[in-house]
Amino acid sequence: MAKKSNLSAPSVGCYATERRPNIEAEMELTNSEKQVKLELWRYNPCVLGRDNCVDALSLALTLRHEDDARLEEAVEEMLAEIWKE
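Model, not experiment: these values are computed from the prediction.

> Would you mind showing me how to read the overall build of the chain here?
Counting its regular elements, the chain contains three helices and two strands. Walking the chain from its N terminus toward its C terminus, one meets helices and strands in the order β-α-β-α-α. When burial is assessed residue by residue, the chain has 21% of its 85 residues classed as buried. As presented, the chain carries roughly 7200 Å² of accessible surface, and 49% of it is formed by carbon and sulfur atoms.

> Even after reading the chapter, I still don't get the environment of alanine 16, so can you show me in this structure?
Summarising the element assignment, alanine 16 is placed in strand β1 (residues 13-18). With relative accessibility at 27%, the residue alanine 16 sits in the partly exposed group. Among residues more than four places away in sequence, those in contact with alanine 16 are Glu39, Trp41, Pro45 and Val54.

> What am I meant to see in a nonpolar patch on the surface here?
A cluster of nonpolar side chains, contributed by Tyr15, Val36, Leu38 and Leu40, occupies part of the molecular surface with about 330 Å² of accessible area. The biggest single contributor to the nonpolar patch is strand β2 (residues 36-41), with three residues. The topology assignment puts leucine 38 in strand β2.

> Please explain the pattern of salt bridges as it appears in this structure.
Opposite charge on two side chains permits them to pair, given that their charged atoms come into close proximity. In total, this model carries three salt bridges according to the counting rule given. Note that glutamate 39 is salt-bridged to lysine 37, the shortest N-O span being 3.7 Å. Residue classification places lysine 37 among the partly exposed residues on the basis of a relative accessible area of 44%. The partner of glutamate 81 in a salt bridge is lysine 84, with the nearest N and O atoms 3.1 Å apart.

> Can you help me understand the nonpolar core in this one?
Side chains of a nonpolar character, in soluble globular proteins, are inclined to be buried together. Formed by Met1, Leu7, Trp41, Val54, Ala56, Leu59, Ala60, Leu63, Leu71, Ala74, Val75 and Met78, the largest nonpolar core amounts to 12 residues. Sorting the residues of this core by element identifies α2 (56-62) and α3 (69-84) as the ones contributing at least two each. Element by element, the count of residues in this core is highest for α3, at four residues. Excluding its chain neighbours within four sequence positions, the residues that come into contact with methionine 1 are Leu7, Leu59, Leu63, Leu71, Ala74, Val75 and Met78.

> Any chance you could explain the environment of methionine 78 here in plain terms?
Inspection of the secondary structure assignment puts methionine 78 in helix α3. For methionine 78, a relative accessible area of 6% gives the class buried. Considering only alpha carbons, one finds methionine 78 and leucine 57, 21 residues apart in sequence, at a separation of 9.1 Å. Once residues lying within four places of it in the same chain are set aside, the contact partners of methionine 78 are Met1, Lys4, Ala56, Leu59 and Ala60.

Rules of the game
- Residues numbered from 1 in each chain as written.
- Predicted model: local features only at pLDDT ≥ 70, side-chain atom pairs only at ≥ 80, totals over all residues.
- Heavy atoms only, no water.
- Helix = DSSP H or I, 4+ residues; strand = E, 2+ residues; numbered from the N terminus.
- Buried < 20%, exposed > 50% of the residue type's maximum accessible area, 1.4 Å probe, protein only.
- Areas by Shrake-Rupley, 256 points an atom, 1.4 Å probe, with all protein chains shown as cover.
- Contact = heavy atoms within 4.5 Å.
- Patch = residues over 30% accessible without salt bridge, like charges linked within 9 Å, V, L, I, M, F, W, Y side chains within 5 Å.
- Salt bridge = Lys/Arg side-chain N within 4 Å of Asp/Glu carboxyl O.
- Core = buried A, V, L, I, M, F, W, Y, C linked by side-chain atoms within 4.5 Å.

Right, here's the structure in full:
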């Protein structure tokens, strides 16, 4: 959301990738000092995304259960922008 709104980036980075049967075998820890959140999606998020960021609709769906008023407002503003285009 930080790239699509004025919200600050979280302290733990979040990345999405397509769920694959042997993803654990493919992963390599490159920096043991950095913590990240990895979301495994049913489809490749790069297909619909741009500039190394997921598309707005997919992002909104991943955040639909968050209980944060600022985040909810930012999602609504982001979706309003894409409907204008």
